[in-house]
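# Tertiary structure, described
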Amino acid sequence: MEFETNHEIIVRARRNANGAVWDYLAGGSETETSMRRNRQALDSIAIRPRVLRDVSEIDLSTKILGFPSALPLFLAPMASLQIVTPAGAMAVDEAAEQKGLINILSGHTQPSLEEIAVNSLHPKFFQIYVRGDRRWIEDLLGRVKENQYKALAVTVDTAVYSNRERQMMAGWSPPTRRNAEGREYLAGLSWEIWDQIAKIWDGPMILKGVGTPEDAVMGVEHGAAAIYVSNHGGRQLDHDRGSISVLANIVAAVEGRAEVFVDGGFTRGTDIVKAIALGATAVGIGKMQAWALAAGGQAALENCLDILKDELTIAMGLMGVTSLDQLDKSYLSKARPVGPSHEMSAFPHIPGGRLT
Ligand SMILES: Cc1cc2nc3c(=O)[nH]c(=O)nc-3n(C[C@H](O)[C@H](O)[C@H](O)COP(=O)(O)O)c2cc1C
């Protein structure tokens with residue numbers, strides 16, 4: 001392994017990515033309150049360890065929508081990865097396959113879903129932004145199905161484009177933003193259209209971008225196999241709540257009728273155990289994934305995932321837990337963050353904010 005810590009991966013990524021790309025990978029919308037609250041909410045939970053339990057064997061494996069996963073995490077969908085590393089989304093898919101993890105391929109990244117599927121044997125999911133009419137959806141989902149993607153994530157927290165001010169200050173926007181085609185369909189998305197998609201897809205669906213128990217329950221009633229709690233890493237609605245702070249109520253409202261995924265600020269093994277203890281099936285890794293790619297493509301991403309695995313093993317061993325199903329709320333308590341929360345607050349030797 002080239003890197004011992006994810007600290008070093010981020011330092012390298014910041015050196016490699018040019019200013020505008022770094023602004024794209026690390027920023028949130030407007031005041032960045034939602035993004036910072038993602039970390040603040042994680043930083044506001046402490047762990048209550050138990051001792052004198054034999055932890056010589058620790059099992060980190062789980063199932064996500066019935067598919068085996070070596071760890072309780074998956075690679076969250078990320079657009080425009082081709083500007084971060086030449087192999088783009090291929091690097092993520094291959095790293096996921098190597099590590100026995102699920103990749104949710106973004107519908108907005110390159111290479112194409114067919115090119116990725118051709119050499120990829122492991123189970124993987126696909127994410128769509130609905131940017132066209134029924135015919136457009138049928139065409140796209142036909143391709144997704146033909147290429148054996150196992151579940152479909154529909155992202156629903158992007159009805160309107162947000163102002164991501166780091167990018168605006170850099171005078172730059174990623175390829176997906178430059179292409180305004182089909183924005184009206186994002187704005188017009190509704191439960192009716194979700195139902196149409198469900199009929200066309202006829203397989204497991206993930207409702208990505210849920211922040212309330214009300215919408216989680218509606219998702220279950222509309223057949224979602226997974227409710228994906230997310231505020232898009234704080235890149236969409238500003239002044240939202242931190243993701244993990246809404247997780248427990250959503251898990252309670254779902255009542256086991258669907259799996260619950262969560263993302264937003266997860267960069268450490270200790271972050272992940274908190275979500276599992278609150279009832280999540282798995283955690284999505286967003287920015288940390290992109291930072292690793294910027295540090296060194298597929299190899300650095302695999303390195304980063306190994307570090308997360310190591311951190312998870314350490315956390316569980318020191319908590320007195322040997323498998324994920326033993327984790328529950330009794331292992332957590334409230335705490336005051338030890339310092340200001342921001343996108344780098346899990347890495348105390350790296351400042352947050354824009355590189356100027
Ligand atoms: C650079 C970047 C690109 C993203 N692209 C997508 C995308 O194409 N589709 C999507 O549903 N979410 C996208 N997201 C949101 C992530 O899937 C995820 O919800 C978020 O990054 C989680 O928060 P975190 O970055 O704090 O881990 C993107 C996030 C980032 C940082």
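The coordinates are above.
Below, the structure is looked at part by part. (Residues numbered from 1 in each chain as written. Predicted model: local features only at pLDDT ≥ 70, side-chain atom pairs only at ≥ 80, totals over all residues. Heavy atoms only, no water.)

## Digging into the overall build of the protein chain
Which entries qualify depends on this criterion: Going along the chain from the N terminus, every DSSP run of H or I of four or more residues is numbered as a helix, and every run of E of two or more is numbered as a strand. For the radius of gyration, the atom set is restricted to C-alpha positions; the globular benchmark scales as 2.2 Å times the number of residues to the power 0.38. Throughout, a contact is declared for two residues whenever any of their heavy atoms are within 4.5 Å. All accessible areas in this document rest on Shrake-Rupley with a 1.4 Å probe, and a residue is counted as covered only by the protein chains that are shown. Charge counting treats Lys and Arg as positive and Asp and Glu as negative, with His and both chain ends excluded. Positions of charges follow a simple convention, taking NZ of Lys, CZ of Arg, CG of Asp or CD of Glu.
Scanning the protein chain from terminus to terminus reveals 14 helices and 12 strands. Relative to the 2.2 N^0.38 estimate, which gives 21 Å for 356 residues, the radius of gyration of the protein chain is 19 Å and therefore close to what a compact globule would have. C-alpha atoms of the protein chain, sized along the principal axes, occupy 60 × 45 × 40 Å. Considering only contacts within the protein chain whose residues lie at least 6 apart along the sequence, 75% involve residues at least 24 apart. Carbon and sulfur atoms form 50% of the exposed surface of the protein chain, whose accessible area is close to 15,100 Å². Side chains of the protein chain carry 36 positive and 42 negative charges; the gap between the two charge centres is 5 Å.

## As for the packing of helix H11 (residues 213-221) against helix H12 (residues 243-254)
Basically, it comes down to this: Each axis is a line fitted through C-alpha atoms, taken for helices only over the stretch in contact, and angles between the N-to-C directions span 0 to 180 degrees. Here a crossing is called left-handed whenever its near helix is offset anticlockwise from the far helix by less than a right angle, and right-handed whenever the offset is clockwise. Polar here means any residue other than Ala, Val, Leu, Ile, Met, Phe, Trp, Tyr, Cys and Pro, which are nonpolar, and Asp, Glu, Lys and Arg, which are charged; Gly is therefore polar.
At a minimum axis distance of 9 Å, the contact between H11 and H12 shows a crossing angle of 35°. The two elements H11 and H12 meet at a crossing, and its hand is right-handed. The segment H11 lies against H12, with Pro-213, Ala-216, Val-217 and Val-220 engaging Asn-249, Ile-250, Ala-253 and Val-254. Among the residues making up the contact of H11 with H12, the classes are represented as 7 nonpolar, 1 polar and no charged.

## Considering the site of the ligand
For clarity, the cut-off: Whether a residue is near a molecule or strand is decided by its heavy atoms; if any one of them lies within 4 Å of it, the residue is near. In the analysis that follows, any N or O atom pair within 3.5 Å is treated as a polar contact, provided that within protein one partner can donate a hydrogen and the other can accept it, and provided that, for residues neighboring in sequence, both atoms belong to side chains. Only protein atoms enter the calculation, which uses a 1 Å grid: trapped sets of points that fit a 1.4 Å probe without letting it out are cavities, open sets showing protein on both sides within 12 Å along at least five of seven lines are pockets, and any residue with an atom within 4 Å of a point is a lining residue. Throughout, a molecule is located in a cavity or pocket provided that more than half of its atoms lie within 2 Å of its grid points.
Taken together, 20 residues lie near the ligand, and Pro-77, Ser-106, Thr-155, Asp-263 and Gly-265 sit nearest. One of the side-chain nitrogen or oxygen atoms of Gln-127 is found 3.1 Å away from a nitrogen atom of the ligand. At 3.1 Å, a backbone N or O of Gly-286 approaches an oxygen atom of the ligand. Isolated, the ligand exposes 600 Å² of accessible area, and the fraction of that covered by the protein chains is 98%. Placement of the ligand is best described as lying within the largest cavity. Tallied by class, the residues present in the shell around the ligand amount to 7 nonpolar, 9 polar and 4 charged.

## Some details on the pattern of salt bridges
Stated precisely, the cut-off is as follows: The term salt bridge refers to a side-chain nitrogen of Lys or Arg lying within 4 Å of a carboxyl oxygen of Asp or Glu.
Tallying each qualifying case throughout the model produces 12 salt bridges. Here Asp-240 ties to Arg-241 by a salt bridge, and the two come within 3.0 Å at their closest N and O atoms. Close ionic contact of Arg-268 with Glu-311 constitutes a salt bridge, the shortest N to O distance being 2.9 Å. Here Glu-311 lies in helix H14 (residues 287-319) and Arg-268 lies in the loop between strand S10 (259-263) and helix H13 (269-277), a separation of 43 residues in the sequence.

## Some points on the environment of Ala-170
Mapped onto the elements, Ala-170 comes out in helix H7 (residues 165-170). Ala-170 sits 20 residues away from Ser-190 along the chain, and the two C-alpha atoms are 34 Å apart. Leaving out residues up to four positions away in the same chain, Ala-170 has contacts with Ala-20, Asp-23 and Arg-354.

## Examining the environment of Glu-311
Test applied: Three labels apply to residues, based on accessible area from a 1.4 Å probe with only protein chains included: buried if under 20% of the type maximum, exposed if over 50%, partly exposed otherwise in between.
In this structure Glu-311 comes out as buried when scored by relative accessible area, which is 15%. Along the sequence, Glu-311 and Thr-281 sit 30 residues apart, while their C-alpha atoms lie 18 Å from each other.

## Considering the pairing of strand S5 (residues 102-106)
The following threshold applies: Criterion used throughout: strands pair if DSSP finds at least two bridges between them. Consider the strands pointing away from the viewer: the crossover is right-handed when the path from the first strand over the helix to the second runs clockwise.
The element S5 is extensively covered by neighbouring structure, given that 5 of its 5 residues are classed as buried. Side chains Ile-102, Ile-104 and Ser-106 project from S5 onto one buried face, and the interleaved Asn-103 and Leu-105 project onto a second face that is buried too. Two elements, strand S4 (residues 73-75) and S5, share 2 bridges in a ladder whose sense is parallel. By the bridge assignment for S5, Phe-74 is matched with Ile-102. Between the parallel pair S4 and S5, the chain is carried across by helix H4 (residues 89-99), and the sense of this crossover is right-handed. Alignment of S5 against strand S6 (residues 125-128), held across 3 bridges, turns out to be parallel.

## Considerations on the environment of Gln-127
Of note, Gln-127 is situated in strand S6. In this structure Gln-127 comes out as buried when scored by relative accessible area, which is 2%. Sequence separation between Gln-127 and Ile-206 is 79 residues; the distance between their C-alpha atoms is 8.7 Å. With sequence-adjacent residues up to four places away left out, Gln-127 is seen in contact with Pro-77, Ile-104, Leu-105, Ser-106, Gly-107, Ala-153 and Thr-155. At 2.9 Å, the side chain of Gln-127 forms a polar contact with the side chain of Thr-155.

## Side note on the packing of aromatic side chains
To describe a pair of aromatic rings, one takes the distance between the centres and the angle between the planes. Threshold: Two rings belonging to Phe, Tyr or Trp (six-membered ring only in the last case) form a pair when the distance between their centres is within 6.5 Å. Interplanar angles under 30 degrees mark stacking, angles over 60 mark edge-to-face geometry, and anything in between is tilted. Consider the ring centre and the ring normal. A charge sits over the ring if Lys NZ or Arg CZ is within 6 Å of that centre and within 35 degrees of that normal.
Summed over all chains, the structure comprises 8 aromatic pairs. Judged by centre distance (5.6 Å) and plane angle (70°), the rings of Phe-126 and Tyr-149 are edge-to-face. With a gap of 23 residues between them, Phe-126 in strand S6 and Tyr-149 in the loop between helix H6 (134-146) and strand S7 (152-155) connect regions that are remote in the sequence. The class of Tyr-149 is buried, set by a relative accessible area of 4%. Taken together through their ring pairs, the aromatic side chains of Phe-74, Tyr-228 and Phe-261 make up a single cluster. Note that Lys-124 overlies the ring of Tyr-149, its terminal NZ or CZ placed 5.3 Å from the centroid. Above the plane of the ring of Tyr-24 lies Arg-235, whose end atom (NZ or CZ) is 5.2 Å from the centre.

In short, geometric facts, not functional conclusions.
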